[in-house]
Amino acid sequence: MKKFRKILLVFLSAAVVFLVFMFWYQNEYAMDHVQEYELNSPGENSRLLLATQGSEFKNTITTAIVDYYKTEPVYIKVIDVSALVGVNPNNYDALLVIHTWEKWKPPSAVQSFMDRTIEYRDKMVVLTTSGEGSYKMEGVDALTGESILDQTPMYVGEIIKKLNPLLKL
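Computed from a predicted structure; not experimentally measured. As a convention, each chain's residues are numbered from 1 in the sequence order in which they are written. Local features in this predicted model are restricted to residues whose pLDDT is 70 or higher, and side-chain atom pairs enter the listing and the counts only when it is 80 or higher, whereas totals over whole chains, interfaces and linings include all residues. Water and hydrogen atoms play no part in the side-chain values, which are based on all heavy atoms of the structure.

> Just checking my understanding: could you explain helix α3 (residues 108-116) for this structure?
Residues separated by three or four positions in an α-helix point in the same direction, a consequence of the helix having 3.6 residues per turn. Between buried and exposed lies partly exposed: a residue is buried under 20% and exposed over 50% of the maximum accessible area for its type, with that area taken using a 1.4 Å probe on protein chains only. Only DSSP runs of H or I reaching four residues or more are called helices, and only runs of E reaching two or more are called strands; each is numbered from the N terminus. Taken together, the buried positions of α3 are A109, V110, F113 and M114. Down the axis, α3 shows its buried residues gathered within 130° of arc, on one side only. Here, residues are in contact when the closest pair of their heavy atoms is within 4.5 Å. Those residues of α3 that are buried lie in contact with β4 (94-100) and β5 (124-129). Of all possible arcs, the one meant is that of the directions from the helix axis to the C-beta atoms.

Right, dumping it as structure tokens:
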């Protein structure tokens, strides 16, 4: 009986340590929610939807993309990726989705959006970040990498190069 108690105690201790680790990991590495906003008139020549998650890296890229297009005849709407559920891709000329790989998969809102909009992938630009830097959704032509701040100019340049033809700029 004493041996059973020790095994149970070890098992419960390991479970508590695991739960504390998971709580810490979620708080430390979870993406922030992005506040929705719009720039320029919805009647502009081109319409860009930028769906992202909040982190220093993603915020830097989002700000650079918005700054680049804010003086162009482009309506820009920035949303959190969780709001992709209500997005109709017909309303936009280009869609930029920036997300991280979480728990070995994309966020569920991103995955379901990509699954239901397969026929619109030709007007999407996707940037997927992950710890290892190469994970991406199967069947999605995405830029991939790690969230390294020094590399944001390179990603911004690649994104703009892909968005300009879609926005007819």
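After that view, the rundown keeps rolling.
> Sorry if this is basic, but what is going on with the confidence of the model for the protein chain here?
Do not read the predicted coordinates in detail wherever pLDDT is low. Predictor confidence is given residue by residue as pLDDT, running from a minimum of 0 to a maximum of 100. On average, the protein chain scores 86 in pLDDT, and the residues at 70 or more come to 86%. When mean pLDDT is compared element by element in the protein chain, helix α4 (residues 152-166) scores highest at 96, while helix α1 (residues 2-29) scores lowest at 65.

> I keep staring at the pattern of salt bridges and nothing clicks. Help me out?
Oppositely charged side chains may form a pair once their charged atoms are brought near each other. Any carboxyl oxygen of Asp or Glu within 4 Å of a side-chain nitrogen of Lys or Arg constitutes a salt bridge here. Per the counting criterion, the structure on display carries three salt bridges. Of the charged contacts, one joins K77 and E36 as a salt bridge, the two residues approaching to 3.5 Å between their closest N and O atoms. You can see K77 sitting in strand β3 (residues 74-80) and its partner E36 sitting in the loop between α1 and β1 (37-39), a full 41 residues away along the chain. As a salt-bridge pair, K161 and E158 come within 3.4 Å of each other at their nearest N and O atoms.

> Help me out: how do you make sense of the packing of aromatic side chains in this one?
What describes a pair of aromatic rings is the distance from one ring centre to the other and the angle between the planes of the rings. Under the pairing criterion, centres of Phe, Tyr and Trp rings, with the six-membered ring standing for Trp, must be within 6.5 Å; the plane angle then separates stacked pairs below 30 degrees from edge-to-face pairs above 60, leaving the rest tilted. Within this structure, the stated rule accounts for two aromatic pairs. Taking the centre distance of 5.8 Å and the plane angle of 85° together, the rings of F57 and Y155 count as edge-to-face. In this pair, F57 sits in helix α2 (residues 56-69) while Y155 sits in helix α4, placing the two residues 98 residues apart along the sequence. Here F57 and Y155 have matching classes, each one buried. Either the NZ atom of lysine or the CZ atom of arginine qualifies as a charge over a ring when it sits within 6 Å of the ring centre and within 35 degrees of the ring normal. In this structure, R47 packs its charged tip against the face of Y92, placed 5.5 Å from the ring centre.

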